[in-house]
Amino acid sequence: MEMKLSNCLPTQKWCGGGAPFSRQVNVRFYPLPSQRLLPASGKMRQRRNFSLQNKRQQTKKINIERPPNVDLQSSDDVDSNTENMSKQSLASSIQEISIKENVDSLTETESSDEISYLSVDSNEEGQPSSVHLQDLIGMIRNAEKNIHLLNEARVHTLEDLQKVLGEKEDLHGEINILEMKLAETVERLRVAAKEKIHVELLEDQLEKLKNELSSSRSSEENVLHVNNSVPLSHTDSVNSLTEEFDSLKKENIILKQDLQALKSELSNVKETDERILVLEKERSVLESSLSELESKLAASREDVSELSVLKSECKNLYEKVELLQELLAKATKQADQALSVLQQNQELRKKVDRLEESLEEASIYKLSSEKLQQNNELMQQKIKLLDERLQRSDEEIQSYVELYQDSVKEFQDTLDNLKDDSKKRALDESVNDMPWEFWSQLLLMIDSWSMEKKISKDDAKLLRELVWKRDVRICDAYISCKEKNEREIIAAFLRFTSSPTRPGLHIIHIAAEMAPVAKVGGLGDVVTGLGKALQKKGHLVEILLPKYDCMQYESIKNMKAVDVVVESYFDGQLYKNKIWTGTVEGLPVYFVEPQHPGKFFWRGQLYGEHDDFKRFSYFSRVALELLLHAEKRPDIIHCHDWQTAFVAPLYWDLYVPKGLDSARICFTCHNFEYQGTAPASELTSCGLDAYHLNRPDRMQDNSANDRINPVKGAIVFSNIVTTVSPTYAQEVRTAQGGKGLHATINSHSKKFAGILNGIDTDAWNPASDDFLKVQYSASDIEGKLENKEALRRLLRLSSSETKRPLVGCITRLVPQKGVHLIRHAIYRTLELGGQFVLLGSSPVPHIQREFEEIGDRFQTHEHARFVLKYDEALSHLIYAASDMLIIPSIFEPCGLTQMIAMRYGSIPIARKTGGLNDSVFDVDDDAIPVQFRNGFTFVTADEQGFNAAIERAFNYYMNDAETWKELVQKDMSMDFSWDSSASQYEELYEKAVLRARTARRS
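Residues numbered from 1 in each chain as written. Predicted model: local features only at pLDDT ≥ 70, side-chain atom pairs only at ≥ 80, totals over all residues. Heavy atoms only, no water.

Per an unreviewed UniProt entry, the protein carries the name starch synthase and comes from Anisodus acutangulus. Annotation of the protein in UniProt includes, under Sequence similarities (unreviewed entry), the sentence "Belongs to the glycosyltransferase 1 family. Bacterial/plant glycogen synthase subfamily." (UniProt positions renumbered as here; feature names shortened; annotations may be inferred.)

Printed below as a string of structure tokens:
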């Protein structure tokens, strides 16, 4: 909801014709969504095709018009400040209040990527906890509400002030009129004084005449004639002048009394000025409070900006809106009353005008004292009437001030109520804001109690399900007992061991990699990305991983050893295994540390050892032994690649008979190039029967009768078999793509599917990537050019031509990736006038040496650089800086490079194979809908095919800048998150579990 207040400030600048500059005060209500979910893609961001679309808006406008301006001439004796305030109050002509209500409605199935607040977990480095963050959010909300209330109070105060200033202007006009009348009276007194002097002169002349007449000896008749005629006429004139003089004195006295009355009225006006000053002070106090709150809000927003996003919900939004609407209605009513007062003032002005006309008529008869007296009496009556009107107006102003004070009090009460409601909701909603690390840690803690026999398996199961469904009771119990000892925490938890309902599936991933703690290729990204996406969909997801000595331990939170030893069979005897727990990216992870003399996972690397078959068959058996020992009952056990393919036959042959029989097995092969074959005899080390399994319909390798193929065994023994893209799923069903397993795959085709991988759109986000020089987004791609210049400076490439295209390549230099085409791309890019940057290394010695020699030849070249190692930070900068990125793979099961490149606005040039064919669509392919065309592709893995693609890309870049910009923005907006892929896995899981439950019931 947004309120715009126009022309409401009392102090405005004046321009040529006396019209004030329009000033506006914006007050914004921030409606809180009724429901928001944490998105997998993390949009604040709006980088891809999100489903937030229709926002309903209602707009309500109230226009308040004041009467037209009436110019009143003020006296020169009036204070200039008062005159300015009067002019400003009369200059405000129209006040418009616009209120926009904006209530967002979000559905639960669509992620609210637009305004998403992520809970930040409290870790060992001292980052703020989500509880503190919730308090911070509450403080921000309250600050915003306070600002709104202060702004609205300020508006009402300014309206009242304008009314008072209008009344004051009227009084000044009346004072001016009375001063003019006083000046006229003084002038008449001056004339009367002159006439008096003239009478005195005549009396002197009369005395002289009398003396002359007395000395003369004229006849008595003449004397009598003189004595009877001349003095009588002068005496009559003197008497008439004396009477007129006395009347003028009386009139002067009356006017002085009027002047005294006007002075008393002026003192009342001064009192009104004092009230105005008090109101001005109140306004200044309100403005200072507003500025202080704005500064606090700015500080709070700076704190919040350091966080990615914070989630908040408001259950009583509509009630608040109705409350604010009621307050607005009251304010509107007050405005209407103010209009009526202004209309009354206008009527008073008209009466004053009529009074002025009467005075002008009276000036015509100013020689007649009788008419002047009548006019004075009439003026006295009108002034008295005016006094009564002014008194009533003053009373009305006082009533409005009291009404305003009541309104402010009501606002404050409403604010206090909202604060109380907010505190109550904070307690209710804090559970939903707890990060996944919190719940994962609780889950791991309960499992450790169960394995250490501190609680029964039934209690552990019930408590596990409470954590699974994120029950508020168990959260409150843990927080209240956090500082207590373990026994008291267990006692508090056991009070809640009732039968809850399960919200989703229990899924356990058993894998050799997990990003970022143990990653070599795309497998680690899949385990973490798919796990997080399924967790956000409401499923309980756990990971089992070997405890390598070369892991990134700093990425594991709350890592600790469980006080329990799990024994597992291997090579004819039992070996102990130490179990560790921790959370990675919010997922609960169990780390297996074998106490085997071979130190299986203390080799300084994940793969490449001579005994990899033994290492990972050992781990697969320990993983299942841990599930049995912890009495877990998962719905799905998901294993990945040949390293954990042993899980499928081990589960059905050894652990189902032991009671671990609740799960369906899902196996994902990320690359059929690697199958982990070994002599059949080695299979017996982990307890499997090699004689029983070394058969064509089970685990026997299709190309050698004496060898075991773990991938084939997983395909045969799993309920669900997947690979990492639909096109690759079709390719591996052929003799060329299946690498010897095409017949096995075709025979089990009903349970085989290809699902395209996704990427972690939180980790790969140009709008928040800390590795970049400048962050940018699809709506503002200017930052891409700045990152391009930053990369050029870093690698010492030429920057003389800013528009020269930059081609990037980020890859492992192995034959699968099309090494010969990468080598050709270097020279062809330079021939076309571009720059080339390569980041990558090769495990194949002769390929590594070949590219080192090429790097030496181009060491001083101004348009080419080679970094033959893996550099995480540099890879982010290359994705952001490149205009194009090449992926000329011979085969590519899925590939994440092209998805990341498009996320950063780097256009892919890719060969149509595997996952590349499912994610990159040629801009010139008319068979593809326009909205899906996002790159340049070629079919044949030769130089001619690659040349055609890169030349078309250069042609678009050089000759059609607008189309290229649209292509960049479209690629950055595409959705390559895990959300869609996770939904497909979810569907496969649920079908398999449903079939299993139906089979058990039948």
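### Some points on the pattern of salt bridges
Scanning all chains against the criterion turns up 26 salt bridges. Residues Lys-614 and Asp-571 are paired through a salt bridge, measuring 3.9 Å at the closest nitrogen-oxygen approach. Placement of the pair is Lys-614 in helix α11 (residues 612-629) and Asp-571 in the loop between β7 (557-570) and β8 (573-584), with a sequence separation of 43 residues. Exposure remark for Lys-614: the relative accessible area of 29% places this residue in the partly exposed category. According to the relative accessible area criterion, Asp-571 is partly exposed, its value standing at 36%. One salt bridge connects Glu-850 with Arg-823, and the closest N-O pair in it is separated by 2.4 Å. (Salt bridge = Lys/Arg side-chain N within 4 Å of Asp/Glu carboxyl O. Helix = DSSP H or I, 4+ residues; strand = E, 2+ residues; numbered from the N terminus. Buried < 20%, exposed > 50% of the residue type's maximum accessible area, 1.4 Å probe, protein only.)

### Remarks on the packing of helix α10 (residues 522-536) against helix α26 (residues 978-1001)
A packed helix pair is summarised by two numbers, namely the angle formed by the two axes and the spacing between the axes. Orientation of α10 relative to α26, taken along the N-to-C sense of each, is 75°, at an axis distance of 9 Å. Looking at the two axes, α10 sits roughly perpendicular to α26. Only Trp-978, Ala-982, Tyr-985, Glu-986 and Tyr-989 of α26 make contact with α10, whose side of the interface consists of Asp-525, Val-526, Gly-529, Leu-530, Ala-533 and Leu-534. A per-class count over the contact of α10 with α26 returns 8 nonpolar, 1 polar and 2 charged. (Axes fitted to C-alpha atoms, helices over the stretch in contact; angles between N-to-C directions. Parallel < 35°, antiparallel > 145°, perpendicular 65-115°, else oblique. Contact = heavy atoms within 4.5 Å. Nonpolar A, V, L, I, M, F, W, Y, C, P; charged D, E, K, R; others polar.)

### Topic: the packing of aromatic side chains
Summed over the entire model, instances satisfying the criterion amount to 23 aromatic pairs. The interplanar angle of 85° and the centroid separation of 6.2 Å between the aromatic rings of Phe-601 and Phe-619 together place this pair among those described as edge-to-face. In this pair, Phe-601 is assigned in the loop between β9 (587-594) and α11 and Phe-619 in helix α11, connecting sequence segments 18 residues apart. With a centroid separation of 6.0 Å and 75° between ring planes, the pair formed by Phe-616 and Trp-642 is classed as edge-to-face. Pair noted here: Phe-616 is in helix α11 and Trp-642 is in the loop between β10 (636-640) and α12 (647-655), with a separation of 26 residues, a long-range link. With relative accessibility at 0%, the residue Phe-616 sits in the buried group. Among the aromatic residues, those joined into a ring-pair cluster are Tyr-548, Phe-601, Tyr-607, Phe-616, Phe-619 and Trp-642. Sitting over the ring of Trp-580, Lys-547 keeps its end group 4.8 Å from the ring centre. Against the face of Phe-891 rests Lys-739, its NZ or CZ located 5.3 Å from the ring centre. (Phe/Tyr/Trp six-rings, centres within 6.5 Å; stacked < 30°, edge-to-face > 60°. Lys NZ or Arg CZ within 6 Å of the ring centre and 35° of its normal.)

### Focus: the side chain of Arg-698
Counting through the fold element by element, Arg-698 comes out in the loop between α13 (690-693) and β13 (707-708). We note that Arg-698 is buried and unpaired, the nearest opposite charge coming from Asp-697 at a distance of 4.2 Å. Residue contacts for Arg-698: discarding those within four places in its chain leaves His-692, Leu-693, Lys-712, Gly-713, Val-716 and Phe-717. (Lys, Arg positive; Asp, Glu negative; His and termini not counted.)

### Thoughts on the nonpolar core
Counting residues in hydrophobic clusters, the biggest one holds 98 residues, and the most contacted among them are Met-514, Leu-624, Ile-637, Phe-672, Leu-683 and Tyr-989. Take this core: its biggest share by element is 9 residues, from α11. Residues within four places of Leu-683 in sequence aside, it is in contact with Phe-613, Phe-646, Leu-688, Ala-690, Leu-693, Met-699 and Ile-708. Core analysis: the next-biggest nonpolar cluster, separate from the first, contains 70 residues, Leu-756, Ile-759, Phe-836 and Leu-885 among them. (Core = buried A, V, L, I, M, F, W, Y, C linked by side-chain atoms within 4.5 Å.)

### Concerning the pairing of strand β20 (residues 907-911)
Burial analysis of β20 places 5 of its 5 residues in the buried class, which makes it a mostly covered element. Side chains Ile-907, Ile-909 and Arg-911 project from β20 onto one buried face, and the interleaved Pro-908 and Ala-910 project onto a second face that is buried too. For the segment spanning strand β19 (residues 884-887), helix α22 (residues 897-903) and β20, crossover handedness is right-handed. In this sheet, strand β21 (residues 936-938) lies alongside β20 in parallel orientation, the contact comprising 3 bridges. Bridging from a neighbouring strand, Ala-910 pairs with Thr-937 of β21. The handedness of the β20 to β21 crossover, carried by helix α23 (residues 914-919), is right-handed. (Right-handed = clockwise from strand over helix to strand, strands pointing away. Pairing = 2+ DSSP bridges.)

### Some points on the sheet that holds β19
Two strands in a sheet stick together by hydrogen bonds in their backbones, pointing the same way (parallel) or opposite ways (antiparallel). Read from one edge of the open sheet, 6 strands run β18-β17-β16-β19-β20-β21, paired in parallel fashion. Since the sheet does not close on itself, it has two edges, and those belong to β18 (864-867) and β21, each with one partner. When the angles between neighbouring strand axes are averaged without regard to direction, this sheet yields 15°. As defined by bridge partners, strand β16 (residues 806-810) adjoins β19 across 2 bridges and the pair is classed as parallel. The partner of Val-807 across the bridge, within β19, is Met-884. Against the sheet, helix α19 (residues 819-831) contacts β16, β17 (835-839), β18, β19 and β21, and its axis sits at roughly 155° relative to β17. Packing against the sheet, helix α24 (residues 943-959) makes contact with β16, β19, β20 and β21, and its axis sits at approximately 165° to β21.

### Some remarks on the sheet that holds strand β14 (residues 720-723)
Spatially, β7-β8-β9-β6-β5-β10-β11-β14-β15 is the arrangement adopted by the 9 strands of the open sheet, whose pairing is mixed. At either end of the open sheet lies a strand with only one pairing partner, and these are β7 and β15 (752-754). Looking at each pair of strands side by side, their axes are set apart by 25° on average, direction ignored. With 5 bridges joining them, strand β5 (residues 506-510) and strand β6 (residues 540-546) adopt parallel strand pairing. If you follow His-509 over to β6, its bridge partner there is Ile-543.

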